[in-house]
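# Remarks on the overall topology
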Amino acid sequence: MLILSMKLTIGYTMLLPSSYEISFTLGNAIPLYDPLGNIINKKMIYDMIEQLVRLNGEKYNDAEVKGVFIRVYYKSKDSFKPLDFPNISYANLMGIISNVIMNSDIVSGNLPEVKSLLYKKSRIPSYISSIKGNKKGCHPFIVSNLETVVENNVNIPYDAGYLVVKPGDDLRNLPSYSIQTFLSENHINFYPIFEERSEKMFFEFFSNLEECVKNSSLRLRTVYFNNLGRFDGIFLLKYYVNRRDKYKIKPLLRNHKNYELKVYLGDRFLVRFRDSLTLMPSSLEKLGKTLCPESGSKESIPHEKLSSSNLLLNSVDLINYLRYAILILGGVMLKAQEINWSKYCIDIEDVMTLSSLSLKIIRNNFFDDNTFHINIPNRNQDIFIRRSYYGGHVDVYKPYGENLYYYDVNSLYPFIIKSYPIPCAIPVWKKNLKSVGLDSLVGFIDACVVCPTNISRPFFPYKDQSELKFARDLCYCVIPLRGYLFEKKSSPFEGCISNLYKSRLEAQKASDEAMTFIYKILMNSLYGRLGMNPESTVTEIYNQKKYEELMKMDNFQSTDMLSDHCYIE
């Protein structure tokens, strides 16, 4: 088989503190062949892999690495076939990655020269504004679920269902017909092959859901699945991709996680599917026990014993299990909607993630943009400032001790952004700061730093523009060179953080673990949202010809096959 081009991507499967897994792809794909079709030297490939892992080592510093995955993409003159790495030892690859993960020394690559540039006026906002709440109430929404069985190592859906949830509903007293359910085995008399029954069930489910949305007077527009990002979303994508003559879809994916799938009937918006986990990042069982215990416990079924041959025999239990899952998800999302509306006048149906909810709580309830001007950096400002943005420095010089005390900081990030001044107003570029005193500067600067010869363990691990004054007091020689300077103002987040922290303490006293966690994540998410990288991946659905073109691009990251001739990147 003649190889024309070949690349690989590396990623982590990680378990977050919120107890769910995500996949994270480490940057762009690494080429294994040069443009002339020659295999790249193995050492060069290993060096690229090592640098890539080191540069991304701290992006999820609270996560536990559960596994490492490698994806290979290639174009050949023959049809696509399974292919091993050419002359590359898989064991050596995994050894390098494992060593880097265990090594806490994170290094940076070469940094580009930065200049202050003038930009044309943009429609993108240049600062964070406050929001005037004018909504009179919350929107209804739909919750949905589907279940699968494994046949020949492939997950195939066998039932699905949905429930329309309106603000103020008492889900305990809903009539049974309120939850629409669909089972593949209802078609067993007409479709002897299980895969065909599954397709029929799926078509029936989506057709019914579509009619519900189109004919309802409730302005239904959002459908929540409990695992859209990692599981259910793939089945939805495949369904709509195979019907591109009727539907247009706009998926929003990042690092193999589906955040949203918008569906258009022609050019008219029909519905959007979202993942409840992005707003309520905890297991449905935990959330159900604390937010809506009246819904009861989620029943269990022996998934490992299920097969297409015994689905009909267990159909009553399977439908009951599906109903409970939908009912609990509806109760959780309804309670979350009620809490955020009563406390902050925000409808969770208007936001997609917990971090966007956190920022909206501040803008809607606690923020005055006339008093605080929080600048949104342009591209040049962001590149310069982000050079100083990385994880903290932790050293252990004596790995053994007795009678030790263990200290944990309570809500460190929220406390810092609540209590300390922040840089405000429009930043001003200063290209010559050599004659300016360090104490008068507020902002982000390049500096020449000389470490005293009598310090055996330097204060700076590699670079750090945010702690220069402290280093100066340790007898470092610090000479400012250039940078962006801001105005210094007290934190505008004091009111919001205090409110969320008080709510968290109340939840702790009530032994409400789920809400305790939610309030904690809301506080931490604010910091993450404000520091979010503006660069993001672009998701496209395309054919094989486009796939081959994208493969040649330097910023190619990853792709998944949705059908025989359809891919998503």
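Residues numbered from 1 in each chain as written. Predicted model: local features only at pLDDT ≥ 70, side-chain atom pairs only at ≥ 80, totals over all residues. Heavy atoms only, no water.

This paragraph deals with unusual backbone geometry. Glycine aside, negative phi is the norm for most residues, and most peptide bonds take the trans geometry. The phi angle at Arg 219 is positive, at roughly 60 degrees, despite the residue not being glycine. Relative to the helices and strands, Arg 219 resides in the loop between α3 (194–215) and β8 (222–225). Here the phi dihedral of Cys 345 falls at roughly 55 degrees; this positive angle occurs in a residue that is not glycine. On the secondary structure map, Cys 345 appears in the loop between α6 (315–344) and α7 (354–365). (Helix = DSSP H or I, 4+ residues; strand = E, 2+ residues; numbered from the N terminus.)

On to the packing of aromatic side chains, then. Counting across every chain of the model gives 21 aromatic pairs. Considering the side-chain rings of Tyr 162 and Phe 205, the 6.3 Å spacing of their centres and the 55 degrees angle between planes classify their relative orientation as tilted. With Tyr 162 in strand β6 (residues 154–165) and Phe 205 in helix α3, the pair connects residues that are 43 residues apart, well separated along the chain. Taken individually, Tyr 162 and Phe 205 each receive the classification buried, so the pair is uniform in this respect. For the pair Phe 202 and Phe 206, a centre-to-centre distance of 5.0 Å together with 90 degrees between the ring planes defines the contact as edge-to-face. Note that Phe 202 and Phe 206 are positioned in helix α3 at a spacing of 4 residues, about one turn of the helix. The buried category is assigned to Phe 202, whose relative accessible area is 8%. Every member of this aromatic cluster is reached through a ring pair, and the members are Tyr 162, Phe 182, Phe 202, Phe 205, Phe 206, Phe 225, Tyr 239, Tyr 240, Tyr 247 and Phe 273. (Phe/Tyr/Trp six-rings, centres within 6.5 Å; stacked < 30°, edge-to-face > 60°. Buried < 20%, exposed > 50% of the residue type's maximum accessible area, 1.4 Å probe, protein only.)

The next thing to look at is helix α11 (residues 494–509). In an α-helix, one turn spans 3.6 residues, which is why side chains three or four residues apart end up on the same side. Helix length check: α11 (16 residues) gives 23 Å between terminal C-alpha atoms against 22 Å at 1.5 Å per residue, within 8%. Packing partners of the buried residues in α11 comprise α6, α7, α9 (412–419) and α12 (513–530). (Expected span 1.5 Å × (residues − 1). Contact = heavy atoms within 4.5 Å.)

Take α3 next. A rise of 1.5 Å per residue sets the reference length of α3, with its 22 residues, at 32 Å; its end C-alpha atoms lie 32 Å apart and thus fit the reference within 8%. All buried positions along α3 are accounted for by Phe 194, Arg 197, Ser 198, Met 201, Phe 202, Phe 205, Phe 206, Leu 209, Glu 210 and Val 213.

To continue, consider the nonpolar core. Taken as a class, soluble globular proteins show a tendency for nonpolar side chains to be buried jointly. One finds Val 143, Met 280 and Met 333 to be the most contacted residues of the largest nonpolar core, which totals 52 residues. Counting residues per element, this core draws most heavily on α6, at 11 residues. Once residues within four sequence positions are removed from consideration, Met 333 is found in contact with Phe 141, Val 143, Tyr 224, Ser 276, Leu 279, Met 280 and Ile 348. Counting 29 residues, the second largest nonpolar core, distinct from the first, contains Val 213, Val 223, Tyr 247 and Leu 265. (Core = buried A, V, L, I, M, F, W, Y, C linked by side-chain atoms within 4.5 Å.)

So, about a nonpolar patch on the surface. Where nonpolar side chains cluster on the molecular surface, the patch consists of Val 409, Leu 412, Phe 415, Ile 416 and Tyr 420 and spans about 480 Å² of accessible area. Residue placement: Tyr 420 occurs in the loop between α9 and β12 (422–430). (Patch = residues over 30% accessible without salt bridge, like charges linked within 9 Å, V, L, I, M, F, W, Y side chains within 5 Å. Areas by Shrake-Rupley, 256 points an atom, 1.4 Å probe, with all protein chains shown as cover. Salt bridge = Lys/Arg side-chain N within 4 Å of Asp/Glu carboxyl O.)

Take the sheet that holds strand β13 (residues 443–450) next. Within the open sheet, the 3 strands sit side by side as β12-β14-β13. Their pairing is antiparallel. Two strands lie at the open edges of the sheet, namely β12 and β13, each paired on one side alone. The average undirected angle you get between the axes of adjacent strands in this sheet is 35 degrees. Alignment of β12 against strand β14 (residues 477–489), held across 6 bridges, turns out to be antiparallel. The residue of β14 that forms the bridge with Pro 423 is Lys 488. (Pairing = 2+ DSSP bridges. Axes fitted to C-alpha atoms, helices over the stretch in contact; angles between N-to-C directions.)

Limitation: the analysis is restricted to geometry and does not speak to function.
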